[in-house]
Each structure stands twice: as C-alpha cells, then as structure tokens.
Amino acid sequence: MIKRYLAFADIVARAFLWVTMALLVLLIGATLYEVVARYGFSAPTMWAFDVTYMINGALLLLAAAFTLLVNEHVRIDVFAVRLPLRFRLAVEIAFYIFLFLPGIALIAYAAFRQTWHAFITDDRVLESAWEPLIWPFYASISLGILGLWVQALADAIRHIIRFRAPEGSPPEGGTEGR
C-alpha cells in the first residue's frame, strides 16, 4: 500500500508538471499577444495583466510538488550535510510530521475554503476593468498546495523508510540525489 501511495504521489507531481508546462505556453502566448497588440497596433488588451498574474501564481504552486519530488527546493544545508545521515533523517522526519505537513494542511484548508466561497459568490477581481472570475485562480492555488502536501507526505514516508533501512542499503523509490 505504501508503494502505491508513493507511486500515486509521484504521478500527481508529474501531472502537475505537465499542467505547469501547458500554462507556461499559455503565459508566453498571452504575453506575446499583448506586446504585439499594444506596440504593434496601439490596442492594448483589457485582460493581459490579469491573465499573466493568475498564470504566474498557478505556475508557482503547481510546480511545487514536482520540485519537491526531484529534490530541487531551496534548502540551507550548511550544517545538515555535516550531521550523521540517521540524525539528519530523524530531524527531517520530525520537521515533516510536526511542522510542514500540518502547516500545509491548514493552508490547503484555507485555500479550498476561499476557492469555494469565491465560486459560490461569483467573486470577481473588482480592481480590474475586465473583472474576471477569481475562483479558477484560487482553485489552481488550492490544487498546487494539495499536490505539495501529497508529495511532502510521500517524501516523509521515503525518509522513514530510509531511516529504518540498515546502514548502507539503498533507499526504495524516490529520485536521484536522495
């Protein structure tokens, strides 16, 4: 069952990566369209600013799970690399269980509540002349946070497996650099 969950978490992270890549293409297309419309035809769009900041926010959070999967997140490990492996794993497991997973769960809960509220109330960005619906943007943020939580739990499980493995044996699953 654990191997299935780890495989599921990795599939979710990779699926979010594909969504992120598609959104990046949309972002480039929207930006190019705006530049050509604004400077080539003196006809700026009403929607370009809203679309670009919404896609940028979605990109940031939808890519977070994959970033954690491939161990490319920002980490200050000046001291951690000098610690014994088992001690470092114990600290990371405690961090995941007591701080990161509960914190991300609370943030995800708040994000899904905000998304639902925006969906029910037909909330719009009133600061914009275009006044787009805001719930799709909130939904992308909520899904990105949920994906990060799923991958963080998988990472914590991998750390526990590695902690329990005899010294010198290779860890099961995971990615390079672990």
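None of the values given here were measured: they were computed from a predicted structure. (Residues numbered from 1 in each chain as written. Predicted model: local features only at pLDDT ≥ 70, side-chain atom pairs only at ≥ 80, totals over all residues. Heavy atoms only, no water.)

1. Some remarks on the overall build of the protein
Within the protein, the secondary structure is distributed over 5 helices and 0 strands. The secondary structure elements of the protein, listed N-terminal to C-terminal, are α-α-α-α-α. Residue burial in the protein is summarised as follows: out of 178 residues, 35% are buried. Within the protein, contacts between residues at least 6 apart in sequence are counted, and of these 76% link residues at least 24 apart. (Helix = DSSP H or I, 4+ residues; strand = E, 2+ residues; numbered from the N terminus. Buried < 20%, exposed > 50% of the residue type's maximum accessible area, 1.4 Å probe, protein only. Contact = heavy atoms within 4.5 Å.)

2. Things to note about a nonpolar patch on the surface
The grouping of Phe 95, Ile 97, Phe 98, Leu 99 and Ile 160 at the surface amounts to a nonpolar patch, some 500 Å² of accessible area in total. It is helix α4 (residues 85–120) that contributes the most residues to the nonpolar patch, 4 residues altogether. Mapped onto the fold, Ile 97 is located in helix α4. Residue Ile 97 is classed as partly exposed on the basis of its relative accessible area, which comes to 38%. (Patch = residues over 30% accessible without salt bridge, like charges linked within 9 Å, V, L, I, M, F, W, Y side chains within 5 Å. Areas by Shrake-Rupley, 256 points an atom, 1.4 Å probe, with all protein chains shown as cover. Salt bridge = Lys/Arg side-chain N within 4 Å of Asp/Glu carboxyl O.)

3. Brief notes about α4
For α4, spanning 36 residues, the distance from its first C-alpha to its last is 49 Å, which sits close to the expected 52 Å at 1.5 Å a residue. Taken together, the buried positions of α4 are occupied by Leu 89, Glu 92, Ile 93, Tyr 96, Leu 101, Ile 104, Ala 108, Ala 111, Thr 115 and Ala 118. The elements touched by buried residues of α4 are α3 (64–69) and α5 (135–164). Immediately beyond the C-terminal end of α4, within one or two residues, lies Asp 122, with a positive phi of roughly 60°. (Expected span 1.5 Å × (residues − 1).)

4. Digging into the environment of Ile 107
Looking at the element boundaries, Ile 107 is found in helix α4. Separated by 38 residues in the primary sequence, Ile 107 and Ile 145 place their C-alpha atoms 7.6 Å from one another.

5. Notes on the nonpolar core
One finds Tyr 96, Ile 134 and Ile 145 to be the most contacted residues of the largest nonpolar core, which totals 17 residues. Looking at this core, the elements with two or more residues in it are α3, α4 and α5. Counting 10 residues, the second-largest nonpolar core is a separate cluster that includes Phe 16, Leu 27, Ala 58 and Leu 59. (Core = buried A, V, L, I, M, F, W, Y, C linked by side-chain atoms within 4.5 Å.)

6. What about the packing of aromatic side chains?
Tallied over the entire structure, the rule returns 10 aromatic pairs. An angle of 45° between the planes, with centres 6.3 Å apart, marks the rings of Tyr 5 and Phe 8 as tilted. One end of the pair is Tyr 5 and the other is Phe 8, both in helix α1 (residues 2–41) and 3 residues apart, which spans about a single turn. For the pair Tyr 96 and Phe 100, a centre-to-centre distance of 5.9 Å together with 85° between the ring planes defines the contact as edge-to-face. One end of the pair is Tyr 96 and the other is Phe 100, both in helix α4 and 4 residues apart, which spans about a single turn. A relative accessible area of 4% means that Tyr 96 is categorised as buried. Through a chain of ring-to-ring contacts, three or more aromatic side chains come together here, namely Phe 49, Tyr 53, Phe 137 and Tyr 138. Directly above the aromatic system of Phe 163 lies the positively charged group of Arg 86, at a separation of 4.2 Å from the ring centroid. (Phe/Tyr/Trp six-rings, centres within 6.5 Å; stacked < 30°, edge-to-face > 60°. Lys NZ or Arg CZ within 6 Å of the ring centre and 35° of its normal.)

7. Examining the packing of helix α2 (residues 48–62) against α5
Contact geometry for α2 and α5: axes closest at 8 Å, N-to-C directions at 10°. In terms of orientation, α2 and α5 fall into the roughly parallel class. Contact residues: α2 offers Tyr 53, Met 54, Gly 57, Ala 58, Leu 61 and Leu 62, while α5 offers Phe 137, Ser 140, Ile 141, Leu 143, Gly 144 and Ile 145. (Axes fitted to C-alpha atoms, helices over the stretch in contact; angles between N-to-C directions. Parallel < 35°, antiparallel > 145°, perpendicular 65-115°, else oblique.)

8. So, the pattern of salt bridges
Summed over all chains, the structure comprises 3 salt bridges. Here Asp 10 ties to Arg 158 by a salt bridge, and the two come within 2.6 Å at their closest N and O atoms. On the criterion of sequence distance, the pair formed by Asp 10 in helix α1 and Arg 158 in helix α5 is long-range, its members being 148 residues apart. By the burial criterion, Asp 10 is buried, and Arg 158 matches it. Here Arg 38 and Glu 34 are joined by a salt bridge, their closest N and O atoms 2.8 Å apart. With a gap of 4 residues between them, Arg 38 and Glu 34 both fall in helix α1, about one helical turn apart.

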